[in-house]
Amino acid sequence: MNLRTKLQLASSCLILIVVIGTMTSLYISEKNQILREIRREQSEDLEKLGRVCEESLLVADEVALINYAQKALLLSTKVSYAGYVDQNGNGWYVDKKATLNMVDASKDPTVNDIIDYKRVLRREMVFQGEPVIELSQPVKGRGYVRLGYSQERVNELFRDNLRQAFKRFWVVGLMAILFGLILSHLLSSALSRPIASLMEGAESIAKGQKGVKIPEGGRDELGRLTRTFNHMSEELAKLDQLKDDFMSHVTHELRSPLTSIIATVELLAEMPLTNQEPKLKRSVDRLIYGSERLNRLVDNILDLTRMEAGKMMFDIQPVNIGALITEMADFFVPRAAEKGLTIQAGAPADLPMAMADSERIRQVLSNLIYNAIKFTNQGGITIWARVKEGMMQVGVQDTGVGIPKDKIGSLFQKFETLKDTRDRVNKPVPGSGLGLNIVLNSVKAQGGAIWVESEVDKGSAFIFSLPLAQTQEEGALKATPELPADVTSRGTDGSRHAVLMNERKVAI
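Below: a short report on this structure. (Residues numbered from 1 in each chain as written. Predicted model: local features only at pLDDT ≥ 70, side-chain atom pairs only at ≥ 80, totals over all residues. Heavy atoms only, no water.)

## Looking at the overall build of the protein chain
- Across its full length, the protein chain carries 13 helices and 14 strands.
- Burial analysis of the protein chain (508 residues in total) assigns 39% to the buried set.
- Nonlocal contacts in the protein chain, meaning residues at least 24 apart in sequence, comprise 65% of its contacts between residues at least 6 apart.
- A total of about 29000 Å² of accessible surface is found on the protein chain, and carbon and sulfur atoms cover 57% of it. (Helix = DSSP H or I, 4+ residues; strand = E, 2+ residues; numbered from the N terminus. Buried < 20%, exposed > 50% of the residue type's maximum accessible area, 1.4 Å probe, protein only. Contact = heavy atoms within 4.5 Å. Areas by Shrake-Rupley, 256 points an atom, 1.4 Å probe, with all protein chains shown as cover.)

If you want it as structure tokens, here you go:
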């Protein structure tokens, strides 16, 4: 899970928690407010009835009180009855049918409580088989008025009001969640975009690119971090350029004395005295081996410097790859025989021509075959060629020690020698770590790609592709479905690790 997804999930969860918590709080508050509003309306109705009762008692007009109860209060669907009880417990009530009923409440102990303590009494009771809420209020010590509210109607009104409030909350909550998620997406994008750019820039630098620049942000911490990264990238590019200039200068300066040393050593090797003195011969042989190795190292550094500077010249012509891999296999037969290994080449008879520089392809194959021999303890090396996906593919496959998958990504970097892999070889051979980087740059410059298929203790296959010659007929461009039996892939698990393809990244 990447950082952007984590930020979105975290902010979304926070928004949901806040919105749900706020909605729950508002819901409870609205519920209490509805209950208070219902009770306030009931209290107002009761107070109005009490005032009318006081006025009617002053003028001894009880009929006016009865008319008010019938015409004003009982018109409401919530009110079940209204009535009056004097201080002796005698009174009346009017129900929904406008029927006047006389009552004797002298034995009701609550009558004295209402009159004596002058308080409003709220109680639940049953009236005509219906549960009601009765409110009673004293009237200046001369009795009390009472109102009965239908419990069912009050509950229904409460539920309707609560349902409407709930709908409003849901609309507001959904809108808040929607805008919150949009804000979360924008915020996570704003935070993760500079970090993603930093990651891509760091990966590019790790792959050897120079002067990598990423978009600079604002004046916040991430903006300062991107500017610091760009400054670091510039400094690294300068240091890398200084290193390349130094290596190029040193190798050029080494060329002349090294040529003189090689010529002198070859002259010593031809002298009769050298062949007569074993110790002298061993010393001369060591000088020859050391000077040749140093010469190869200088050549590699010069080639790599020219390739990276874009000054390496390539003579791209149609090349017979089948003949070329056979030639290189024959050339390395003696070296393979020194370790008891076999080496063979195979290609289809109708293999088309490829567009490449034949000398540079010999250099590529030489590096790959030399490495295959170096990292193989027993078995052999197979060199094959085929047409697949509209490209010429050439593979150098061995039965060697293999390469761990976590090391394949850094295999083509400069000065990478894979010490762990080297330690598993019976006779480790030192190397400069430049050969595969030269191979990578050479194949890239010729419009191809190179990748590795490897499995530890089973072998490796280095495969590179080249464009086909445009002069071939359409039928020759079709990919061959399978390799011949003598060049069947061995010792690999089929996983492909692409490095590059015509300046574009290929999926790994």
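Picking up after the structure, the text goes on.
## Here we look at the packing of aromatic side chains
- Tallied over the entire structure, the rule returns seven aromatic pairs.
- Here the aromatic residues Tyr27, Phe166 and Trp170 are joined through ring pairs into a cluster of three or more. (Phe/Tyr/Trp six-rings, centres within 6.5 Å; stacked < 30°, edge-to-face > 60°.)

## Re the packing of helix H10 (residues 358–374) against helix H13 (residues 435–445)
- Remark: H10 packs on H13, axes separated minimally by 10 Å, with the N-to-C direction vectors making an angle of 145°. Remark: the crossing between H10 and H13 carries left-handed chirality. Between H10, through Arg360, Gln363, Val364, Asn367, Leu368 and Asn371, and H13, the contact on the second element is made entirely by Gly435, Leu436, Ile438, Val439, Ser442 and Val443.
- Each residue belonging to the contact of H10 with H13 can be placed in one class, and the counts come to six nonpolar, five polar and one charged. (Axes fitted to C-alpha atoms, helices over the stretch in contact; angles between N-to-C directions. Left-handed = near helix turned anticlockwise from the far one by under 90°. Nonpolar A, V, L, I, M, F, W, Y, C, P; charged D, E, K, R; others polar.)

## Examining the sheet that holds strand E5 (residues 130–138)
- In space, the six strands of this open sheet follow the order E3-E2-E1-E6-E5-E4, with antiparallel pairing throughout. Two strands in the sheet have a free side with no partner beyond their single neighbour: strand E3 (100–104) and strand E4 (121–127). Across this sheet, the average inter-strand angle for adjacent strands is 25°, counted without regard to direction.
- Here seven bridges tie E5 to strand E6 (residues 143–150), and the two strands are oriented antiparallel to one another. Its bridge partner being in E6, Val132 is matched across the sheet by Ser150.
- Running at roughly 60° to E6, helix H4 (residues 151–206) makes contact with E4, E5 and E6 of the sheet. (Pairing = 2+ DSSP bridges.)

## Structural notes on the pairing of E3
- Side chains of E3 alternate between two faces, with Asn101 and Val103 buried and Leu100, Met102 and Asp104 left unburied.
- Sheet topology note: the strand E2 (residues 90–95)/E3 ladder contains five bridges and is antiparallel. For Tyr93, the partnering residue across the bridge sits in E3 and is Asn101.
- Counting the residues that bridge the hairpin from E2 to E3 gives four residues, and of these Ala98 lies at a positive phi of roughly 60°.

## Thoughts on the nonpolar core
- Counting residues in hydrophobic clusters, the biggest one holds 42 residues, and the most contacted among them are Ile321, Leu365, Ile369, Ile383, Met392 and Phe464.
- Looking at this core, the elements that each hand over two or more residues are helix H8 (321–331), strand E9 (354–356), H10, strand E10 (380–388), strand E11 (391–398), H13, strand E12 (449–455) and strand E13 (459–467).
- Of all the elements, H10 adds the most residues to this core, at seven residues.
- With residues near it in sequence (within four places) discarded, Ile369 still touches Met328, Phe332, Ile343, Ile383 and Val396. (Core = buried A, V, L, I, M, F, W, Y, C linked by side-chain atoms within 4.5 Å.)

## Focus: the packing of H8 against H10
- Axis separation between H8 and H10 bottoms out at 10 Å; the angle between their running directions is 45°. With respect to their mutual orientation, H8 and H10 come out oblique. Handedness of the crossing formed by H8 with H10: right-handed. Every residue of H10 that contacts H8 at Leu324, Ile325, Glu327 and Met328 is listed here: Ser358, Ile361, Arg362, Leu365, Ser366 and Ile369.
- A per-class count over the contact of H8 with H10 returns six nonpolar, two polar and two charged. (Parallel < 35°, antiparallel > 145°, perpendicular 65-115°, else oblique.)

## Some points on the pattern of salt bridges
- Scanning the model with the defined rule gives 13 salt bridges in all.
- When the shortest N-O distance is used, the salt bridge between Glu327 and Arg362 registers 2.8 Å. Residue Glu327 is located in helix H8, and its partner Arg362 is located in helix H10; the two are separated by 35 residues in the primary sequence.
- The partly exposed category is assigned to Arg362, whose relative accessible area is 22%.
- Here Glu455 makes a salt bridge to Lys458, at a shortest N to O gap of 3.4 Å.
- With a relative accessible area of 22%, Glu455 lands in the partly exposed category.
- We classify Lys458 as partly exposed; its relative accessible area is 47%.
- What emerges from the salt-bridge pattern is a single network uniting Glu37, Arg40 and Glu44. (Salt bridge = Lys/Arg side-chain N within 4 Å of Asp/Glu carboxyl O.)

## Section: unusual backbone geometry
- One non-glycine residue with positive phi stands out, namely Glu389, at about 55°.
- For Glu389, the location among the structural elements is in the loop between E10 and E11.
- Owing to a relative accessible area of 62%, Glu389 belongs among the exposed residues under this scheme.
- The backbone of Asp457 sits at a positive phi, close to 65°, despite the residue not being glycine.
- Mapped onto the fold, Asp457 is located in the loop between E12 and E13.

## Things to note about the side chain of Glu134
- Note that Glu134 resides in strand E5.
- Separated by 3.3 Å, the side chains of Glu134 and Ser136 make a polar contact.
- At a separation of 3.3 Å, a polar atom in the side chain of Glu134 contacts the side chain of Arg146.
- What Glu134 contacts, discounting residues up to four positions off in sequence, is Tyr81, Leu121, Arg122, Arg123, Met125, Arg146, Leu147 and Gly148. (Polar contact = N/O pair within 3.5 Å; in protein donor to acceptor, adjacent residues only side chain to side chain.)

## Structural notes on H13
- The buried fraction of H13 amounts to nine of the eleven residues, a majority that puts the element mostly inside the structure.
- Listing the buried residues of H13 in full gives Gly435, Leu436, Asn437, Ile438, Val439, Leu440, Asn441, Ser442 and Val443.
- Positive phi shows up at Gly447, right after H13, with a value of about 80°.

## Side note on a nonpolar patch on the surface
- Judged by side-chain polarity, Val171, Met175, Leu178, Phe179, Ile182 and Leu186 come together as a nonpolar surface patch covering roughly 600 Å² of accessible area.
- Topologically, Ile182 is positioned in helix H4.
- Owing to a relative accessible area of 42%, Ile182 belongs among the partly exposed residues under this scheme. (Patch = residues over 30% accessible without salt bridge, like charges linked within 9 Å, V, L, I, M, F, W, Y side chains within 5 Å.)

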